[in-house]
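A look at the structure
Single-letter residue listing:
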Amino acid sequence: MTTVKPLTGWGRGVPTYARILTGADDAMLAAAVHDAGARGVLARGAGRAYGDAAQNSGGVVADMTHRTRILHFDEADGVIRAEAGVTMDALLRTVVPRGWCLPVVPGSAHVTVGGAIASDIHGKNHRQSGGFGGHVIAFDLLTADGQVREVCPAAAPETFWATLGGMGLTGIVLRATLRLARLRTAWATVLQRRIAGLDALLTGLDAAQGPGEHSVARIDLSGHRVRGVLSHARPAASADIPPRYRAEPLAYVAPRPLPCPPLPGALLMRPATLAAANGVLRAGAPLVTSRVLPLPAFFFPLDRLVSWNRVYGRHGFVQHQFVVPPSAVDALGTALKLLAAEPGGVPLVVLKRLGPRDAGLLSFPMDGWTLAADMPASPSLAPLLGRLDDLVARAGGRVYLAKDSCLSARHMAQMYPRLPEFQEIRRTLDPQGVFRSDLARRLSL
Ligand SMILES: Cc1cc2nc3c(=O)[nH]c(=O)nc-3n(C[C@H](O)[C@H](O)[C@H](O)COP(=O)(O)OP(=O)(O)OC[C@H]3O[C@@H](n4cnc5c(N)ncnc54)[C@H](O)[C@@H]3O)c2cc1C
């Protein structure tokens, strides 16, 4: 069934109209690919990409969210096969109680397997575990010729690594087989430290290295200097978890979602509100705290608030996420200064350390510091984002396509040196350019 509807990304920015195909099985998807008009076809998962990656103005968008079957779970070897619309949440609820976990999860559990592959997502443990693609054994890909190919890295490395991070432009992922990681309990011991100064934050993030460890810093830009809270999580032992949960240490305890309080944009952007929001862990709190939390509370803190993306009002918001090499600390400092001077305010700033780059031709992660900043959409943003993109490109870094809504084709070519290889593979797989998106048109992918 198709209906014409406006779509946006998670940032609720510029909507574009597409024909939305829902409830399609493999044959219906193949027919949609065969009959694609000039504006092409694109798969869409849970719509958690912030910008226009899952939009296809004037074309067809195949909603994959009904494809939620887990097809096989090998509990002995930790291998799971699922349809592309299955979310991280559904996978974790299945595998965690059996002593397994996804080795890489993003900051939201509502992301689908197809979306995780298309963005080659990374977690707070990229240095230890790499990107999502490193744990994908194989997937079924519906390509522009209407065929379904089983793609694995050994037999079809080019198609595999063009699809990982390929933003849905090589075809539609129908099913995937994933490798899991062992888990002793469904809990994490989380150490939080309040830290002043960028250098100290970077040193703290650099120190988090052990197996199974995750780390992230949240930065408060409301004052005159950089302050942050560094969170560092490691797997909790059974003896550490709260006594009432000890009988079932692998039970998946997801916090109950809360409605997001209505917050007028003007109030949200006041320095006092920003300081309070970012200072939750700081004001009056000790310098160091240690808590044992259920995994979802650490992995997915924002999921706790339902539809939190609405707090920015009807114009939505933009997230700018970039990575720069480890040595480009000056560029990171300059970016923080530019963000701190933004009159609209920057309510959320998150810093992580990434490890060596992944094999995906358009995968985002590379060795370095990644900073993600949420900003309410406003006319003053365009020059700021342009300056940030220039700064990142000059520093040898790149912007994350899954978060992007403003990058130019020129910056894209500078930031992703393997783009020509990607384009070549895409031309071979899809000579007529059946798979299209607003992002692909904007960035000349
Ligand atoms: C709160 C929050 C936190 C996040 N944290 C992180 C993080 O820590 N790390 C990180 O890497 N990302 C993070 N993200 C981004 C998110 O993981 C990616 O944008 C992901 O791609 C979204 O998946 P989705 O199912 O919502 O896909 P959509 O947003 O619907 O689509 C994203 C892309 O995937 C393609 N796609 C979707 N399904 C398929 C399919 N079946 N076949 C082919 N292509 C497909 C689309 O065409 C599009 O290009 C976060 C997002 C949110 C909202």
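So, how was this worked out
Residues numbered from 1 in each chain as written. Predicted model: local features only at pLDDT ≥ 70, side-chain atom pairs only at ≥ 80, totals over all residues. Heavy atoms only, no water. Salt bridge = Lys/Arg side-chain N within 4 Å of Asp/Glu carboxyl O. Helix = DSSP H or I, 4+ residues; strand = E, 2+ residues; numbered from the N terminus. Buried < 20%, exposed > 50% of the residue type's maximum accessible area, 1.4 Å probe, protein only. Contact = heavy atoms within 4.5 Å. Near = heavy atom within 4 Å. Polar contact = N/O pair within 3.5 Å; in protein donor to acceptor, adjacent residues only side chain to side chain. Areas by Shrake-Rupley, 256 points an atom, 1.4 Å probe, with all protein chains shown as cover. Nonpolar A, V, L, I, M, F, W, Y, C, P; charged D, E, K, R; others polar. Domains from an automatic or database assignment. Buried area = accessible area lost by both parts, 1.4 Å probe.

With that settled, consider the pattern of salt bridges. What the rule picks out here adds up to 18 salt bridges. Across the pair arginine 81 and aspartate 140 runs a salt bridge whose closest N-O atoms are separated by 3.0 Å. Pair noted here: arginine 81 is in strand E6 (residues 79-83) and aspartate 140 is in strand E8 (residues 136-142), with a separation of 59 residues, a long-range link. Residue arginine 81 is classed as partly exposed on the basis of its relative accessible area of 25%. Three or more residues are tied together by salt bridges with common partners; here these are Asp26, Arg67, Arg81, Asp140 and Arg175.

The subject of this paragraph is the environment of valine 190. Mapping valine 190 onto the fold places it in strand E12 (residues 187-196). The exposure class of valine 190 is buried, given its relative accessible area of 2%. Residues valine 190 and proline 249, 59 residues apart in the sequence, show an inter-C-alpha distance of 16 Å. When residues no more than four places from it in sequence are discounted, the contact partners of valine 190 are Ser231, His232, Ala233, Thr289, Ser290, Arg291, Leu293 and Phe298.

The next thing to look at is the site of the ligand. Taken together, 35 residues form the shell around the ligand, and within it Ala43, Arg48, Thr112, Ser119 and Tyr400 come nearest. Glycine 47 places a polar main-chain atom, nitrogen or oxygen, 2.9 Å from an oxygen atom of the ligand. Between the ligand and the protein, one listed contact pairs an oxygen atom with a backbone N or O atom of methionine 167 at 3.0 Å. For the ligand, whose unbound accessible area comes to 950 Å², protein coverage reaches 98%. At the level of secondary structure, the elements contributing two or more residues to the shell around the ligand comprise strand E3 (41-44), helix H3 (113-118) and strand E10 (172-179). In terms of residue class, the shell around the ligand is made up of 20 nonpolar, 11 polar and 4 charged. When residues of the shell around the ligand are assigned to domains, at least three map to each of domain 1 (70-183) and domain 2 (187-254 + 263-414).

In terms of domain boundaries, the chain breaks down into domain 1 (70-183) and domain 2 (187-254 + 263-414). In this complex, domain 1 contributes 31 residues to the contact, which on the side of domain 2 involves 33 residues. Buried surface at the junction of domain 1 and domain 2, both sides included, amounts to about 2800 Å², of which 59% is carbon and sulfur. Considering only the surface of domain 1 that becomes buried against domain 2, His122, Lys124 and Arg127 emerge as the three largest contributors, covering 30% of it. Inspection of the domain 1/domain 2 interface yields 1 salt bridge. Across the pair arginine 127 and aspartate 206 runs a salt bridge whose closest N-O atoms are separated by 2.9 Å. Where domain 1 packs against domain 2, one counts 12 residue pairs in polar contact (both at pLDDT 80 or more). Contributions of two or more residues to the side of domain 1 that touches domain 2 are made by helix H2 (88-95), helix H4 (126-129) and helix H5 (157-163). For the side of domain 1 that touches domain 2, the per-class residue count stands at 13 nonpolar, 13 polar and 5 charged.

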